[in-house]
Amino acid sequence: MNFVRAETIVQEITDDGKVRDIITQVKKSEAEQEAEKREQILRSLPEFKRDGQSAAEQKATEQANEQQEKDDAAKEYNVHTIDEAEFEHYQQIEDAEREKKRKLKSEDAEAVAMFADERKRLREEVEEKRPDLITIMRQKNMEKSASKATRSAQDRLKGKITVKAAQAQPAKEAASGVSALAGYGSDSDE
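Residues numbered from 1 in each chain as written. Predicted model: local features only at pLDDT ≥ 70, side-chain atom pairs only at ≥ 80, totals over all residues. Heavy atoms only, no water.

1. Section: the overall build of the protein
Formally: Helix and strand definitions here come from DSSP, where helices need a minimum of 4 consecutive H or I residues and strands a minimum of 2 consecutive E residues; each element is numbered from the N-terminal end. Remark: exposure states derive from per-residue accessible area (1.4 Å probe, protein chains only) relative to the maximum for the residue type, with buried under 20%, exposed over 50%, and partly exposed in between. By the convention used here, residues are in contact when the closest approach between their heavy atoms is within 4.5 Å. Areas reported as accessible are Shrake-Rupley estimates using a 1.4 Å probe. Residue values count occlusion only from the protein chains shown.
From N to C terminus, the protein includes six helices and two strands. Each helix (α) and strand (β) of the protein, taken in turn from the N terminus, gives the series β-β-α-α-α-α-α-α. Relative to its 190 residues, the protein shows a buried fraction of 2%. Long-range contacts, defined here as pairs at least 24 residues apart, represent 2% of the contacts in the protein between residues at least 6 apart. By element, 53% of the accessible surface of the protein is carried by carbon and sulfur atoms, the whole surface being about 19,400 Å².

Following this line, the structure appears as structure tokens:
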């Protein structure tokens, strides 16, 4: 590797504390300038470019592209004309598509109308069967009072009161009358 001096840099600190860089380029001799020009020309050659194609390959692709453009231009002016039979065929296809769309539209409209009629009929039936607000409130109050009357006191107090069963005392303790030693045996022979 050859290191060539191309420029110099001088850093200068100003009075306010900022650093200033001064870059000066070294003047190149005529021989260095000529060598740079040759290097630039060589680098611009197609063989040394990054696309990987040589000059011959590039020329071949350019010729192929030009031929393709000529063919495309010729096709632009070559317009296909439609004869009467072909026109009738296309007209029949278009008429059939229009008929399909019309049938689908009429079926959809019929289904929507039928749905609207059914909804209207259902609403009328519901309005006929629906009682007024006062009747509904009376009926709910009667149901509540009926459910309260059928429940017994035991059902209403279930879980609120607990009853403990009385414990049976042994017969010996009841006869002796000693309650302080309840449940304990005695050493004496009585």
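2. With respect to a negative patch on the surface
The test is simple: To count toward a patch, a residue needs a relative accessible area above 30% and no salt bridge. Like charges then connect within 9 Å, nonpolar side chains (Val, Leu, Ile, Met, Phe, Trp, Tyr) within 5 Å. Each salt bridge in this description consists of a side-chain nitrogen of Lys or Arg and a carboxyl oxygen of Asp or Glu lying within 4 Å of one another. Neither His nor the chain termini are counted; the positive set is Lys and Arg, and the negative set is Asp and Glu. Charge positions come from single atoms, namely NZ of Lys, CZ of Arg, CG of Asp or CD of Glu.
A surface patch of like charges, here negative, comprises E62, E66, E69, D71 and D72. Along the chain, E62 turns up in helix α2 (residues 55-77). The exposure class assigned to E62 is partly exposed, which follows from its relative accessible area of 47%.

3. Topic: a nonpolar patch on the surface
Nonpolar side chains collect at one region of the surface, where I82, F87, Y90 and I93 lie side by side and expose about 400 Å² of accessible area between them. By relative accessible area, Y90 is classed as partly exposed at 42%.

4. Brief notes about the pattern of salt bridges
Evaluation of the coordinates by the stated rule reveals eight salt bridges. Between K28 and E36 there is a salt bridge; the shortest N-O distance is 2.4 Å. Classification of K28 as partly exposed rests on a relative accessible area of 39%. Through salt bridges with shared partners, one network takes in E94, D95 and R98.

5. Observations regarding the confidence of the model for the protein
Condition: Summary of the metric used: pLDDT quantifies the predictor's per-residue confidence within the range 0 to 100.
Confidence in the prediction of the protein, expressed as mean pLDDT, is 79, and 72% of residues score 70 or more. Ranking the elements of the protein by mean pLDDT puts helix α6 (residues 171-176) last with 51 and helix α3 (residues 84-129) first with 93.

6. Thoughts on the pairing of strand β2 (residues 19-25)
The line we're drawing: A pair of strands counts as paired when DSSP detects no fewer than two bridges linking them.
Bridging between strand β1 (residues 7-13) and β2 involves seven bridges; their strand directions are antiparallel. Note that in β2 the partner of E12 across the bridge is R20. In textbook terms, the turn of a hairpin is the stretch between consecutive antiparallel strands, and for β1 and β2 this stretch comprises five residues, one of which, G17, has a positive phi near 95°.

7. Structural notes on the environment of I23
Within the secondary structure, I23 sits in strand β2. Between the C-alpha atoms of I23 and V10, which are 13 residues apart in sequence, the distance is 6.4 Å. Those residues in contact with I23 that sit more than four places away from it in its chain are E7, T8 and I9.

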